[in-house]
Amino acid sequence: MAGHGGEGGAVGKVTCAAWVRRRDDEGPPGVSRLLVAFGRGATASSPTLVDLLEFDARACSLASEPLARILVGEEPADTPRAIAVHPGGRELVCATAKGCRVFKLVYRDFGIHLISSDASLLQSVGPQKCLAFSTDGAKFAIGGEDGHLRIFNWPSLSVILDEPKAHKSFVDMDISLDSEFLVSTSNDGSARIWKIDEGSPLINLTRSPDEKIECCRFSRDGTKPFLFCTLVKGHDVLTMAVDISNWKRIGYKKLSAKPISTLSVSLDGKYLALGNREGDFCAVEVKKMEVAHWSKKVHLGSPVSSIEFCPTERVVISTSHQWGAEITKLDVPPEWKVWQIWLVLLSLFVSSAVLFYLFFKHARLNL
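Report on the accompanying structure. Quick caveat: nothing in here was measured; it's all calculated off a predicted structure. (Residues numbered from 1 in each chain as written. Predicted model: local features only at pLDDT ≥ 70, side-chain atom pairs only at ≥ 80, totals over all residues. Heavy atoms only, no water.)

## Remarks on the sheet that holds strand E19 (residues 211-218)
Strands sit in the order E19-E20-E21-E22 across an open sheet of 4 strands; the sheet is antiparallel. Two strands close off the open sheet at either side, each with one partner strand: E19 and strand E22 (248-253). The sheet shows a mean angle of 30 degrees between the axes of neighbouring strands, taken without regard to direction. Pairing analysis gives 5 bridges linking strand E21 (residues 236-243) to E22, with the strands arranged antiparallel. (Pairing = 2+ DSSP bridges. Helix = DSSP H or I, 4+ residues; strand = E, 2+ residues; numbered from the N terminus. Axes fitted to C-alpha atoms, helices over the stretch in contact; angles between N-to-C directions.)

Quick look at the structure:
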């Protein structure tokens, strides 16, 4: 585990974080760089900032110095609260108490630069609780603390949906893998499904009077059309699965005894991560719906405010308002890489060729 949440010199504590993955256009073809975007609060000698740091997968650590840094603002209201990164890795959106700022990642002069982009439609929307890009990067949605839902086409920011009374206040939000549906949850325990292209509500998920639906994420493996939600039922904390073909419950399971504060799904859909309000988190293998990894006291009693899987490694980055950001390598079975599969196939081919040669040679000697 590598901690990067405290103050480094004059810069402020990390308030939010997100992975950035994109191919370096000036580098070798097909080579991706893994970066992390940090939103930092102000200190007595430093304003609010967004940093970009490079991630070393072998060492499971971040570079000590940022590749790029940009000023967000001078006031406390400019402190970054959440970051959403476009799937193409070229833009990121940073939410503050005032609204949202858009920054572009520009690769030039053998370096990376963060450049502020004009997005006046987003800059004065007020504090946003949730930010989400669609998987194809063509849609962008924000859910406010005031319950206001907005869905835009990206990057034109033409409005698809503008619903001021979607909820009392947003708790969580996600967009399905096919970019067709959006799910949102409210602080009153309700959950609603929206049809994105039609810009309209589709259905409210059913629940009993003693149930509250809180966190929500769609499955990501492309074969199982599920919606995962955390459910508080009396004193129990449950994780339930919903079939998105009919929006009916498939089942639920108790994976954590402590209240869940955040939920995330790996990009390949194989793992869920559940962060709780006491600073712990676990990784759950989706196929078995069993806990595969526990990390205790990562944030020392402070609720985990966000958790996000690395795009290429079994590593997560988690944040809390008190302790900043932590990077954790998951103790789960390693995945087979493509080159490893090809190496095994090549070894089998060579072994078969050698055996065939020896058999053929031995047969000729006996003639």
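## Overview of the sheet that holds strand E12 (residues 139-144)
Spatial ordering of the open sheet is given by E11-E12-E13-E14, a layout of 4 strands whose pairing is antiparallel. The sheet is open, and its two borders are formed by strand E11 (128-133) and strand E14 (159-163), each paired with just one other strand. The average undirected angle you get between the axes of adjacent strands in this sheet is 10 degrees. By the bridge criterion, 5 bridges tie E12 to strand E13 (residues 149-153) in an arrangement that is antiparallel. Residue pairing in the sheet places Lys-139 in a bridge with Asn-153 of E13.

## Things to note about unusual backbone geometry
In this structure, the amide linkage connecting Trp-154 to the following residue, Pro-155, adopts the cis form with an omega of 10 degrees. Within the element layout of this structure, Pro-155 appears in the loop between E13 and E14. In this structure, Leu-157 takes a positive phi of about 60 degrees despite not being glycine. Position of Leu-157 among the secondary structure elements: in the loop between E13 and E14. Positive phi, close to 50 degrees, is recorded for Leu-300, a residue that is not glycine. By secondary structure assignment, the location of Leu-300 is in the loop between strand E26 (290-295) and strand E27 (304-309).

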